[in-house]
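A look at the structure
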Amino acid sequence: MFNTPHELIDLVFKIIASIAAIVAILQLIEVRKKRLVEMYWKIAEIYATDEQRNARKNVWLLREDFLKKNGISASNDEELIDLYNRDYHNAAEGDNKDIDTSIINRIRFLNQVGVLLNKRLIDQDMLFGLIGIGFEIDYETLKFVLRAHRKEHGTPNMYAHFETTWHQYKLWAKS
């Protein structure tokens, strides 16, 4: 079967190397699963903070107190965006400025989630099970605020992964 003892030794080393490679691959898969779960828990911790709960409340307040009241009277979206920037984003201080800052913090969080999704560092089922419905409810208001900030700062790609999060959520919700 083997012509020389070297062939037997070579075969043994190849078998050992193959087993080691399989074990290493299985360990990497396990580490990746663990990392996905750890990332999920970190996102869950951030999502459950008072800051994020307050941001969701402020999104609702903005929708009810500003968008619904002014949306009908504003002749177009650009006028409404300018009004928002004047009364909220560019407010020197006070409740309106705090609402704007809080909502932008939520957008920043969702943008970071989009980065993680884009890099496949978070499991979509776990993530959207946590943030999905709230994101869907708040999306139009968040998108409006982001449009206002982009216009005010002249940065059309500001928080570009916010849309990644939305796109991935819509795909996930369909499946």
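1. Notes on the overall build of the chain
The helix and strand tally for the chain stands at 6 helices and 0 strands. In sequence order, the chain lays out its α and β elements as α-α-α-α-α-α. The principal-axis extent of the C-alpha atoms belonging to the chain is close to 90 × 35 × 30 Å. A buried classification covers 34% of the 175 residues belonging to the chain. For the chain, long-range pairs separated by at least 24 residues make up 73% of all intrachain contacts whose partners lie at least 6 apart in sequence. For the chain, the computed accessible surface area is about 11,000 Å², with 58% contributed by carbon and sulfur atoms. Within the chain, the 25 negative side-chain charges are centred at a point lying 4 Å from the centre of the 24 positive side-chain charges.

2. Quick look at the pattern of salt bridges
Tallying each qualifying case throughout the model produces 13 salt bridges. Notably, a salt bridge pairs K68 with E64, separated by 2.9 Å at the nearest N-O pair. In this pair, K68 and E64 are both assigned in helix α2 (residues 50–73), 4 residues apart and thus about one turn of the helix distant. Here E163 makes a salt bridge to R150, at a shortest N to O gap of 2.9 Å. Of this pair, E163 sits in helix α6 (residues 161–174) while R150 sits in helix α5 (residues 124–153), and the two are 13 residues apart along the sequence. Given a relative accessible area of 14%, R150 falls into the buried group.

3. Thoughts on a nonpolar patch on the surface
Residues L8, I9, V12, F13 and I16 make up a contiguous nonpolar surface patch of roughly 470 Å² in combined accessible area. Relative to the assigned elements, F13 resides in helix α1 (residues 5–47).

4. Considerations on the environment of K97
With respect to the helices, strands and loops of the structure, K97 is situated in helix α4 (residues 95–118). Given the relative accessible area of 22%, K97 is considered partly exposed. Along the sequence, K97 and L142 sit 45 residues apart, while their C-alpha atoms lie 15 Å from each other. Ignoring anything within four residues of it in the chain, the contact list for K97 reads Y88, H89, A91 and A92.

5. Things to note about the packing of aromatic side chains
Centre-to-centre distance and the angle between the planes together describe a pair of aromatic rings. The full count for this structure, using the stated rule, is 17 aromatic pairs. Ring geometry for F128 against W172: centres 5.5 Å apart, planes inclined by 45°, an arrangement best described as tilted. With F128 in helix α5 and W172 in helix α6, this residue pair connects regions lying 44 residues apart in the sequence. Look at F135 and F162: their rings are 5.7 Å apart centre to centre, the planes differ by 80°, and that puts the pair in the edge-to-face class. Highlighted residues: F135 in helix α5 and F162 in helix α6, separated in sequence by 27 residues. The exposure class assigned to F135 is buried, which follows from its relative accessible area of 0%. The exposure class assigned to F162 is buried, which follows from its relative accessible area of 0%. These aromatic residues form a ring-pair network of at least three members: F128, F135, Y139, F162, W166, Y169 and W172.

6. Re α6
Between its terminal C-alpha atoms α6 stretches 20 Å, which fits the 20 Å expected from 14 residues at 1.5 Å a residue. Where α6 is concerned, the buried positions are F162, T165, W166 and Y169. Axial view of α6: buried residues confined to an arc of 95°, hence all on one face. At its buried positions, α6 is contacted by α4 and α5.

Calculation notes
- Residues numbered from 1 in each chain as written.
- Predicted model: local features only at pLDDT ≥ 70, side-chain atom pairs only at ≥ 80, totals over all residues.
- Heavy atoms only, no water.
- Helix = DSSP H or I, 4+ residues; strand = E, 2+ residues; numbered from the N terminus.
- Buried < 20%, exposed > 50% of the residue type's maximum accessible area, 1.4 Å probe, protein only.
- Contact = heavy atoms within 4.5 Å.
- Areas by Shrake-Rupley, 256 points an atom, 1.4 Å probe, with all protein chains shown as cover.
- Lys, Arg positive; Asp, Glu negative; His and termini not counted.
- Charge placed at Lys NZ, Arg CZ, Asp CG, Glu CD.
- Salt bridge = Lys/Arg side-chain N within 4 Å of Asp/Glu carboxyl O.
- Patch = residues over 30% accessible without salt bridge, like charges linked within 9 Å, V, L, I, M, F, W, Y side chains within 5 Å.
- Phe/Tyr/Trp six-rings, centres within 6.5 Å; stacked < 30°, edge-to-face > 60°.
- Expected span 1.5 Å × (residues − 1).
- Arc of directions from axis to C-beta.

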